[in-house]
Amino acid sequence: MRFERRTRDEAFDAIVDTLQRVPDREEQNYLAALVFGFSARVLTDEQKAVLRRVLAMTELLKEIVEEAEERKAREIAERMLRKGASVADVVELTGLSEQEVQEVLRHVREEG
């Protein structure tokens, strides 16, 4: 592996970019804490703020994706229930909990 000489700003940008690519949220937060811990004396206040904003934005985007996936699963559950699928089958195939599927079923019955 070849290392290049970088300015502090270039190194910081590379660290932020790498953190944003970590798919697991908990691991991403853990790594960010390590970066803060090891580099607290060399990061400027502005860089620390940027790092916090980047992580918060990444967190927000992941939450939006999760909400969209849950909405889609509920839509699929509704269609399945309207076609006569059992609650157990809907739970198994959508990943929703039994309680969530029961809520969808109540909604389907209310609409008639």
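In the block above lies the structure referred to throughout.
Description of the structure in this document. All residue numbers here refer to positions counted from 1 along the written sequence of the relevant chain. With the structure being a predicted model, the display of local features is reserved for residues of pLDDT at least 70 and the display and counting of side-chain atom pairs for 80 or more, all residues being used for whole-chain, interface and lining totals. Values shown for side chains rest on all heavy atoms present in the structure; no hydrogens or waters enter the calculation.

1. A look at the overall build of the protein chain
(1) Moving on: In terms of regular secondary structure, the protein chain is built from 5 helices and 0 strands.
(2) Moving on: Put simply, DSSP H or I for four residues or longer makes a helix, DSSP E for two residues or longer makes a strand, and each gets a number counted from the N terminus. Overall, the protein chain shows an N-to-C arrangement of helices and strands of α-α-α-α-α.
(3) Moving on: Taken against the 2.2 N^0.38 rule, which gives 13 Å for 112 residues, the C-alpha radius of gyration of the protein chain at 22 Å runs more than 25% over that of a compact globule.
(4) Moving on: Taken along its principal axes, the extent of the C-alpha atoms in the protein chain is 65 × 30 × 20 Å.
(5) Moving on: With a 1.4 Å probe rolled over the protein chains alone, any residue whose accessible area is under 20% of its type maximum counts as buried; one over 50% counts as exposed, and the rest are partly exposed. Scored against the burial criterion, the 112 residues of the protein chain give a buried share of 26%.
(6) Moving on: The contact definition used throughout considers only heavy atoms, calling two residues in contact when any of these lie within 4.5 Å. Residue pairs at least 24 apart in sequence account for 48% of intrachain contacts in the protein chain once pairs closer than 6 positions are excluded. The atom set for the radius of gyration is the C-alpha atoms, and the globule formula is 2.2 Å times the number of residues raised to the power 0.38.

2. Focus on the pattern of salt bridges
(1) Moving on: Every case where a carboxyl oxygen of Asp or Glu lies within 4 Å of a side-chain nitrogen of Lys or Arg is listed as a salt bridge. For the structure shown, the criterion picks out 6 salt bridges.
(2) Moving on: Note that Arg74 is salt-bridged to Glu103, the shortest N-O span being 3.3 Å. Linking Arg74 in helix α3 (residues 45-82) with Glu103 in helix α5 (residues 98-111), this pair joins segments that are 29 residues apart in sequence.
(3) Moving on: On the basis of relative accessibility, which here comes to 24%, the residue Arg74 falls in the partly exposed class.
(4) Moving on: In this structure, Arg82 engages Glu78 in a salt bridge whose closest nitrogen and oxygen atoms are separated by 2.9 Å.

3. Here we look at the packing of helix α1 (residues 8-21) against helix α2 (residues 25-39)
(1) Moving on: Angles run from 0 to 180 degrees between N-to-C directions of axes, and those axes are lines fitted to C-alpha atoms, restricted for helices to the stretch in contact. Between α1 and α2, the least distance of the axes is 9 Å, while the angle of their chain directions is 160°. Between α1 and α2, the angle falls in the class roughly antiparallel. Between α1 and α2 lies a crossing of right-handed hand. Contacts from Ile15, Leu19 and Gln20 of α1 reach α2 at Gln28, Leu31, Ala32 and Val35.
(2) Moving on: By residue class, the composition of the contact of α1 with α2 is 5 nonpolar, 2 polar and no charged. Comment on the angle field: the value is read as roughly parallel under 35 degrees, roughly antiparallel over 145, roughly perpendicular from 65 to 115, and oblique elsewhere. Two helices crossing with the near one rotated counterclockwise from the far one by less than a right angle form a left-handed crossing, whereas a clockwise rotation gives a right-handed crossing. Here the nonpolar group is Ala, Val, Leu, Ile, Met, Phe, Trp, Tyr, Cys and Pro; Asp, Glu, Lys and Arg are the charged ones; every other residue, Gly included, is treated as polar.

4. Observations regarding a negative patch on the surface
(1) Moving on: Exposure above 30% relative accessible area and the lack of any salt bridge qualify a residue for a patch; like charges then connect within 9 Å, and the nonpolar side chains Val, Leu, Ile, Met, Phe, Trp and Tyr within 5 Å. Values of accessible area rely on a 1.4 Å probe in the Shrake-Rupley scheme; residue burial ignores everything except the protein chains shown. Charged residues are defined here as Lys and Arg on the positive side and Asp and Glu on the negative side; His and the ends of the chain fall outside this count. By convention, the point assigned to a charge is CZ for Arg, NZ for Lys, CD for Glu and CG for Asp. On the surface, a cluster of negative charge is made up of Asp9, Glu10, Asp13 and Glu46.
(2) Moving on: Counting residues per element, the negative patch draws most heavily on α1, which supplies 3 residues.

5. A closer look at the nonpolar core
(1) Moving on: Ala73, Ala77, Met80, Leu81, Val87, Val90, Leu96, Val101, Val104, Leu105 and Val108 form the largest nonpolar core, which has 11 residues in total.
(2) Moving on: Put simply, the parts of the chain that give this core at least two residues each are α3, α4 (87-94) and α5.
(3) Moving on: The contact partners of Val90, leaving out residues within four places of it in the chain, are Ala77, Met80, Leu81, Ala85, Gly95 and Val101. What we call a nonpolar core is a set of buried Ala, Val, Leu, Ile, Met, Phe, Trp, Tyr and Cys residues that are connected through their side-chain atoms within 4.5 Å.

6. Let's talk about the packing of α4 against α5
(1) Moving on: The geometry of α4 relative to α5 is characterised by a closest axis approach of 9 Å and an angle of 120° between their N-to-C directions. Our classification of the angle between α4 and α5 gives oblique. The way α4 lies across α5 gives a crossing that is right-handed. In contact with Val87, Val90 and Val91 of α4, α5 contributes Glu98, Val101, Gln102 and Leu105.

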